[in-house]
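Secondary and tertiary structure notes
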Amino acid sequence: QVQLVESGGGLVQTGGSLRLSCTASGSIFTMNHMGWYRQAPGKQRDLVATITAGGNTNYADSVKGRFTISRDNAKNTVYLQMNSLKPEDAAVYYCNAVVQRRYYTTPYNIWGQGTQVTVSS
């Protein structure tokens, strides 16, 4: 069973920074797309940023220039560096990954449990 464990959330003032980490544990052959999504109370879960195994990135317009996604394939870990945080960035942040457990198995999508980010004004 593959699991994603997130860390790094917390409370920060407007303009501050946080770095989220998400590590996959379990038997893994390869991890394809990895990404971060967020969900604020009463709202749908939205994409924040994604990164392919080759390092190609994609960002929501609202975070471009402020957030940076990166990954360490050797550690099966994806990071989200968040700078210049705004109150509207407050949400539960979820890690997402497409995992393949064996070379002959079908990749599948998994989610972490979420980590809370709170931004005080």
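In this text, all values refer to a predicted model and were calculated from it rather than measured experimentally.

**A few points about the overall build of the chain**
Counting its secondary structure elements, the chain contains zero helices and eleven strands. Listing the helices and strands of the chain from first to last along the sequence gives β-β-β-β-β-β-β-β-β-β-β. In terms of overall size, the chain behaves like a compact globule, its C-alpha atoms giving a radius of gyration of 14 Å where 121 residues would be expected to give roughly 14 Å. Along the first, second and third principal axes, the C-alpha set of the chain runs to 50 × 25 × 25 Å. Classification of the 121 residues of the chain by burial places 41% in the buried group. In the chain, 56% of the contacts between residues at least 6 apart in sequence involve partners at least 24 apart. For the chain, the accessible surface area stands at approximately 6,400 Å², while carbon and sulfur atoms represent 47% of it. Distance between charge centres in the chain, computed from 11 positive and 6 negative side chains, equals 6 Å.

**Some thoughts on the layout of surface pockets**
By volume, the largest pocket amounts to about 170 Å³. Elements represented by at least two residues in the lining of the largest pocket include exactly strand 4 (30-39) and strand 5 (46-51).

**Thoughts on the sheet that holds strand 1 (residues 3-7)**
Here we have four strands laid out as an open sheet, ordered 1-3-8-7, and antiparallel in their pairing. Because the sheet does not close on itself, it has two edges, and the strands there are strand 1 and strand 7 (67-72). Between one strand axis and the next, the sheet turns by 15° as a mean value, whatever way the strands run. Pairing of strand 7 with strand 8 (residues 77-82) involves six bridges; the strand directions are antiparallel. Residue R71 lies in a different strand from strand 8, and its bridge partner there is V78.

**Notes on the nonpolar core**
Core analysis: the biggest nonpolar cluster contains 31 residues, and W36, L80, M82 and Y93 have the highest contact counts within it. Contributions of two or more residues to this core are made by strand 3 (18-25), strand 4, strand 5, strand 7, strand 8, strand 9 (91-100) and strand 11 (115-120). Broken down by element, the residue count for this core peaks at five residues, all from strand 9. When near neighbours in sequence (up to four residues on either side) are disregarded, M82 contacts G16, S17, L18, L20, R66, F67, Y93 and V117.

**Here we look at the side chain of R71**
Summarising the element assignment, R71 is placed in strand 7. No salt bridge is formed by the buried R71; the nearest opposite charge belongs to D72, separated by 8.2 Å. A polar side-chain atom of R71 sits 3.1 Å from the main-chain carbonyl oxygen of T52. A distance of 2.6 Å separates the side chain of R71 from the side chain of N73, its partner in a polar contact. Ignoring sequence-local partners within four residues, the contact set of R71 consists of M31, N32, H33, M34, I51, T52, A53, T77, V78 and Y79.

What counts, and at which threshold
Residues numbered from 1 in each chain as written. Predicted model: local features only at pLDDT ≥ 70, side-chain atom pairs only at ≥ 80, totals over all residues. Heavy atoms only, no water. Helix = DSSP H or I, 4+ residues; strand = E, 2+ residues; numbered from the N terminus. Rg over C-alpha atoms; globule rule 2.2 N^0.38 Å. Buried < 20%, exposed > 50% of the residue type's maximum accessible area, 1.4 Å probe, protein only. Contact = heavy atoms within 4.5 Å. Areas by Shrake-Rupley, 256 points an atom, 1.4 Å probe, with all protein chains shown as cover. Lys, Arg positive; Asp, Glu negative; His and termini not counted. Charge placed at Lys NZ, Arg CZ, Asp CG, Glu CD. 1 Å grid on protein atoms, 1.4 Å probe; cavity = no way out; pocket = protein on both sides within 12 Å on 5 of 7 lines; lining within 4 Å. Points joined across faces, edges and corners; volume = space filled by probe spheres on them. Pairing = 2+ DSSP bridges. Axes fitted to C-alpha atoms, helices over the stretch in contact; angles between N-to-C directions. Core = buried A, V, L, I, M, F, W, Y, C linked by side-chain atoms within 4.5 Å. Salt bridge = Lys/Arg side-chain N within 4 Å of Asp/Glu carboxyl O. Polar contact = N/O pair within 3.5 Å; in protein donor to acceptor, adjacent residues only side chain to side chain.

Geometric descriptors of this kind do not, in isolation, establish any biological role.
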